[in-house]
Structures are given as structure tokens and as C-alpha cells.
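Letter by letter, the chains look like this.
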Amino acid sequence: MVLVELPSGCYGFSQKVSKRCFNSPNTQRFFTCVDYSPSSQFLMTGGADGCLRVLYPGISKSSSIAKKLTGHTRPITHLAYNLREKIFISVSEDKNIRVWKDGTWVCLQSFYIYGMKDTPVSSMCYNTLNNELYLANTHLGYFFGIGTDVYQSLLRSHHMPLCTVLYHELFKQVISICQAGVVSVWDVFTRKAVMQFKVTAENCVGHTVMSLDPSRRKLIVVTSDGKLSFWNFNNGKELYVHPVSMPKQATAVVCSMNRVFVSMKGSNVIFDLDTQGQKNRFLKHHLLKDITCMDLHESRLITLSSDENLVVWNADTAMVMYTINNTCPLVLLASETDQGKISDLPFKKISQSKKTRKTNAKAVKNDGTYITCMSTNTDETNADDGPCENIDEQQVSLRPPPLLTSWQAHPTKVVSVLYVLADDKIITAGLDCFVKHWTDRGDCVGIYGKEKWDENTIISSPELDMKPDTAKMEVSPTTVELSTVVAASWCEARW
């Protein structure tokens, strides 16, 4: 490689031109392509051995190689530099494109070229003004980077449909999981993912449910293969796998003290599991055809079936407290004959609450529409002030509450909804791969991982009393901490 330095000012044939030569040792070919960074004043070169080398042009000897970057497995064919983003882009014969940060020389992103012929890329054009990358052999392919309108329109919160979304009130974080088993932890102030990790096997795709334990420090996950596991969502490390596996796809999971409750699709069985895996049982009730929704309110386990029957259990004793039959508008106090069936699961080892007002209301209008998820306003400020009856020291409303508002949140099925009590905001997740933030009036504040919104319209920024405890913790190899890494900077558009 020859580096020619031209004198500044007017150029003429009489002016002296200096040049320096960089030679590859022996028969190795270090220099197949090169580009220069005016920002760091370093050269990056690509070699036939698949390695990138960073050189300082002020020294002409081989010792000027400041860093050797690996990752490609075939010869490097093209290099390009973006001064605005301060990144290098390298393309090799292995159809791998890598994005490198200028100065730190960290690989920010790696993705492969699909859809083009197997012949090597013969030409590359990088439009740095609009952050577009064009590649050509016998076909033409192009990628859109951050900043383009097309890229923004293709951005999603997840690459697969959503399954569940949670909100951590103390850390001010939204936790979402998709059908690929990828968990994303979002900061509600910056609307960016600060942590991302995978809780399933590489090719495992299916419905996954999750919940937080009572301490709000562990993530309880039930994957499509039936595995129940506990995770540290601050560093993506799997802490514990429960010895009991679910025989069917889980529809919900909640945790109360040292008990975990899991419901399954097409089944009226509730798995009531001890967190240590020793005292396990299951619950059944004749009013529950199946269990589509399940939630906890203090020590009460609330279960809802697709035929609109509702059963409220005592989570500590597994006794039925109240029932709501779709044929009766009143909340009924459960008698001895209304109790469910409780059976113990064999253990197999492997390698008091405040008073609450209750009511009954129909949540959907159109025939064929059914409830997929639910969330409650725990301060009960919207409770009905109409006539009520005292049943077992509980105030039960005698009329359904009025519908305050409704709106179309997603074009497809809504799989999870949360009510954020601190600032009257609602978070939804849908099969359209979006996690959305709403006001309680139905105004969309923004989309996680896609749009920016005014942070002042979300929540105030008080000093947090507790920070995520990630010190001295081992990080899972499938974890991606996104605070210093630009993830998903490019997307494939069309071939």
C-alpha cells in the first residue's frame, strides 16, 4: 500500500510529492482495501486474511499497526467511512457486513447479506448523507441505516410478535418479551433498550409468559417448551430452573410470596407451585372452562375464563373466595360447595388485605370479540359510587361501572396491557411487534424502540431510592447490554 501526501496550496508538477509504502510481511496480503478517518486520523485496511488493521499514517514502518480487528472469515473486499456517524463499514467475501466504531474500534453490529447471488460483491456505494448502503454483483441490494424515513417505518420494538409486557415502578423500566424469547428492558425516560437477553433456545419460537416476583428483582419466565425459570433481568443471568414443567402452552404466570401460579391454554388447571419445587399442587374449578387471564391483587388470585366466568381464590390457602357467573350479575360469596379441587403434585427432583369494592361489567360490545388481557387501577379511584351490598365485609357494587373510554391500540391482537399508577399511563403490547405508551385518554405518547417523545410528558424524574443491583454478578453469554452498544442500526430493505 502506498500513501501519497500532496502539498497544500496550489498544485504543480514542480512541487515535491511525498509517499510512504506499507508492506505486508512475507507473502501475506494485508491491504485489499483502505479508508481514512479525518476524525481520529487513522487508516483502516482490509486484508485477504479476513482481518482489519488500524494504522497510524505518521509512521511508515510495520509497527504503525495500532490494532488488529477480527470477525470476518474471508477476505475483506470493501471499506467505507461515515464522518457524521464516525463509523467504518466493512464487507467481506463471506457476505458479512460489520459496523465499527471509530476510535474505540468496537464492532457495533454484524449482519449478513441475503437474497443476492453467491458471487462476491463487486461494488459498494455508501450514501453517508442519508445513511444508505448499496451493494452489487449480478444483483443490487441496499440497506437503510438510522436516519432514513424507510428505516424508521421498518423499526419495531421487537422483530417477532409480542407476548407479555411488564412495568417496574421503582426502576422506571418496561420489560417486554417476544415469541423468539428475547427480553428487552426499556428505560421510560430515554425510550431505549438498556438490556437485552434471550431466555429460550436458539431456534425456539412460541408464546412465552413472564412476571416479576414479589421482591421485583427476579423475572419469572415460562417458555413455550414448558420450562419455568427465574432470571436476573438486570444482567440476563438465569438463576434457577423449576423442576416442574408445564404440559401445555402457558397463558399467564403470577407470583405471590413463595408460590407461583401458572395457567395453560385450553385447560382449567392452575399449577400452584412452590418456588423451591417441593410443595406443588394444582387447582381446578367447575366454573372455569379454561383460563385466559390471571392476575394477583394482594393475596387474591383472580382467574377469568373465555366464557366470562370469574373465580377469585385466596392465594395463600387456595380456597375460593368469590365467583362471578356470566348468568348472574352479582358477585357471590363462595360456600363449601363452591370450592375448587386441590390436588398435590408429586415432587420429582432433577439435575392480610384491605377492603375492596367489587363489581361485574361487560368489557366488550361486538359479538365474537373476547378479552385477551387485563390490568387494574389499584388505587380504585374509578370505583362506582352507586348502590352496593356488604358481603363478608366486602363492598359489592349492584350496578356495572360506566365505560370511561376505549380506543384501537393495535391493528392486531393486544397480548398484554399495563396500567402505570404513578402517572396514569397505559402500556400495551401487540402481535404487530410494537410496545406502545398511552395516556389514560387514549393518546399515544410513543413507541418503544422506534419514536422519540417529550420526556416531560411521561413521568417526572425523581431520584431513585434503589438502583439495579448488577455489581459482582455474572453476565449470561446471551446478554447484550445496550447502554454502550448501538443495536439494530441497519435493516435489510429489498433486493
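Residues numbered from 1 in each chain as written. Predicted model: local features only at pLDDT ≥ 70, side-chain atom pairs only at ≥ 80, totals over all residues. Heavy atoms only, no water.

As recorded in an unreviewed UniProt entry, the protein goes by the name WD repeat-containing protein on Y chromosome, listed as coming from Amphiprion percula.

## Some remarks on the state of the cysteines
So the rule is basically this: Whenever a pair of cysteine sulfur atoms sits within 2.5 Å, that pair is classed as a disulfide. Burial here depends on accessible area, computed with a 1.4 Å probe over protein chains only, as a share of the maximum for the residue type. Under 20% is buried, over 50% is exposed, and the range in between is partly exposed.
Counted according to the given criterion, the structure contains 0 disulfides. Here C163 is not cross-linked by a disulfide; its sulfur's nearest cysteine counterpart is in C178, at 6.7 Å. Assessed through its relative accessible area of 2%, C163 is described here as buried.

## Details of the environment of F143
Stated formally: Runs of E in the DSSP output that reach at least two residues are strands. Runs of H or I that reach at least four are helices, and both are numbered from the N terminus.
Within the element layout of this structure, F143 appears in strand β13 (residues 140-145). Between the C-alpha atoms of F143 and Y126, which are 17 residues apart in sequence, the distance is 9.7 Å.

## Digging into the packing of aromatic side chains
We describe a pair of aromatic rings using the distance from one ring centre to the other and the angle between the two ring planes. Convention followed: Here is the rule: rings of Phe, Tyr and Trp (six-membered ring for Trp) pair when centre to centre is within 6.5 Å. Planes less than 30 degrees apart are stacked, more than 60 are edge-to-face, and the remainder are tilted.
Inspection of the entire model under this criterion finds 9 aromatic pairs. Relative to W105, the ring of F42 has its centre 6.0 Å away and its plane inclined at 80°; by these criteria the two rings are edge-to-face. Pair noted here: F42 is in strand β4 (residues 42-46) and W105 is in the loop between β9 (96-101) and β10 (107-112), with a separation of 63 residues, a long-range link. Taking the relative accessible area as the measure of exposure, F42 reaches 22% and is therefore partly exposed. Between the aromatic rings of F171 and F233, the centroid separation amounts to 6.2 Å while the plane-to-plane angle is 50°, which identifies the pairing as tilted. Here F233 lies in the loop between β20 (228-232) and β21 (237-241) and F171 lies in the loop between β14 (162-168) and β15 (173-178), a separation of 62 residues in the sequence.

## Some details on the side chain of R53
Selection rule: Two N or O atoms count as a polar contact when they lie within 3.5 Å, although within protein this holds only if one can serve as hydrogen donor and the other as acceptor, and sequence-adjacent residues are included solely when both atoms are side-chain atoms. Residues count as neighbours in contact if any of their non-hydrogen atoms are within 4.5 Å of one another.
In this structure, R53 sits in strand β5 (residues 52-55). R53 gets classed as buried once you look at its relative accessible area, which sits at 3%. A polar side-chain atom of R53 sits 2.7 Å from a polar atom in the side chain of D49. Apart from the residues within four sequence positions on either side, R53 is in contact with F30, L43, M44, T45, I65, K67 and K68.

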